[in-house]
Amino acid sequence: MYDIEGIYQAKNVQDAIAALVRQPDAVVISGGSDVLIRIREGKLAGCRLVSIHNIPELKEIYREADGTIVIGPGAAFSHITKDRLIQTWIPVLGEAVDMVGGPQIRNIGTIGGNVCNGATSADSASTLFTLNAVLELAGPDGVRQVPIAEFYTGPGRTVRCREEILTAIRIAKKDYKDFFGKYIKYGKRNAMEIATLGCAVHVKLAKAREGAVQTGMYAPQDKKYVEELRIAYGVAAPTPVRCRETERKAAGMPVGPELIAMVGKSVLEEVNPRSSWRASKEFRVQLVEEMAKRALTEALVRAGVPEDVLNPEHTPNNIQNDTRKYAENDAGNQAENDAENHTKDSKREEKRAGGERNA
């Protein structure tokens, strides 16, 4: 049972704000995947709810004339993943929210709730950080815009006032055009799992500077330098966090193993994971480095960088040699196992024969 004093179905955003002002103990609810759990646990027992679930404009996803993508906070995760605009321009966000919970949660849970919940483990948060998302909040004093990097104030806490409604998540064209990204989530299970650690990367490449000496393994006209790197984590600090010093170091670096190694080490100086029942601090630190390298590598491959440029040790010839080596090792191990089994069988036969003679 849910201990709810009452629920009000808001007709529009202004109606919802007015209801929150009238009822000082009221809580906003949209999909309910977080709020209802807190009520059932007793944390919000006896509260009043103001539902914004049936406000159509909060579920829209559209692109403005200047290229800004606007995501309604009431859009469900599954809606975002399947939306054409998201798939075309910011597919990493669709991939990230597709890792939330299971199908039932993704069909009712909303991106606005995921952000406003204030959890550092929110799968959408780190990706929105790398997209420089701006959150639009409407309240009794009007509308204000808050960069997502300034939205979180602590574990489960944000700058949103109780009477305010998140009305839009805005991503400017300059923050997604020509960027390629990847989000990686680590959990103990492949689904229905809260992130032990989440890492999002977006990278934009540039051609070699004019007059620079062309080196490397792919054509001079290809984009070979980092123009801009963005990397963010969830569960690596009390709030989602951007690694801005690492981003600064990466700007202008040539694409290659040195870049990936630098990023993997540098991010360790900018995070502060803690131990919890999900994982120790030491394990999370290990994940921070490894996931940075993997996410950056994937993002660069999506940007068109050949894999052998990023990891020369795994060129086709080396991979073939490795495969042959592993096959030889497997064959040798199998031969040893066969010899050992043959010896054991021989001893068993001798023992059996001796027993029959004694009988």
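Refer to the structure printed above.
Along every chain, residues carry numbers that run from 1 in the direction the sequence is written. Residues qualify for local features only when their pLDDT is at least 70, as the model is predicted, and side-chain atom pairs are given and counted only at 80 or more; totals for whole chains, interfaces and linings, by contrast, use all residues. The side-chain figures draw on all heavy atoms in the structure; neither hydrogens nor water molecules are used.

**Student:** Got a sec to walk through the sheet that holds strand β3 (residues 47-51)? Specific residues and values, please.
**Tutor:** The criterion for strand pairing is that DSSP finds at least two bridges linking the strands in question. For the purposes of this entry, the term helix denotes a DSSP run of H or I that reaches at least four residues, the term strand denotes a run of E that reaches at least two, and both are numbered from the N terminus. In spatial order, the strands read β1-β3-β2; together these 3 strands make up an open sheet with parallel pairing. What marks the edges here is a single partner per strand, and that holds for β1 (4-9) and β2 (26-29). Across the sheet, the axes of successive neighbouring strands diverge by a mean angle of 25°, strand direction being ignored. Every residue pair with non-hydrogen atoms within 4.5 Å of one another is taken to be in contact. Throughout, an axis means a line fitted to C-alpha atoms (over the contacting stretch in the case of helices), and angles, computed between N-to-C directions, take values from 0 to 180 degrees. On the sheet, helix α1 (residues 13-22) packs against β1, β2 and β3 and is oriented at approximately 150° with respect to β1.

**Student:** Tell me about the packing of aromatic side chains, residues and numbers included.
**Tutor:** A pair of Phe, Tyr and Trp rings is counted when the ring centres sit within 6.5 Å of each other, with Trp represented by its six-membered ring. The angle between the planes then sorts it: under 30 degrees is stacked, over 60 is edge-to-face, the rest tilted. This structure, assessed with the given rule, holds 4 aromatic pairs. Judged by centre distance (5.6 Å) and plane angle (90°), the rings of Phe-151 and Tyr-152 are edge-to-face. Judged by relative accessible area, Phe-151 falls into the buried class, the value being 0%. Following the ring pairs from residue to residue traces out a cluster consisting of Phe-129, Phe-151 and Tyr-152. Lysine NZ or arginine CZ positioned within 6 Å of the ring centre and within 35 degrees of the ring normal marks a charge as sitting over the ring. We note Arg-63 situated over the ring of Trp-89; from NZ or CZ to the ring centre the distance is 4.2 Å. A simple rule labels every residue: compare its accessible area, found with a 1.4 Å probe on the protein chains alone, to the largest value its type can have, and call it buried under 20%, exposed over 50%, or partly exposed in between.

**Student:** So what's going on with helix α10 (residues 257-266)? Residues and values would help.
**Tutor:** Restricting attention to buried positions, one finds in α10 the residues Leu-259, Ile-260, Met-262, Val-263, Gly-264 and Ser-266. Here the buried face of α10 lies against β13 (223-234), α9 (244-250), α11 (281-302) and α12 (307-310).

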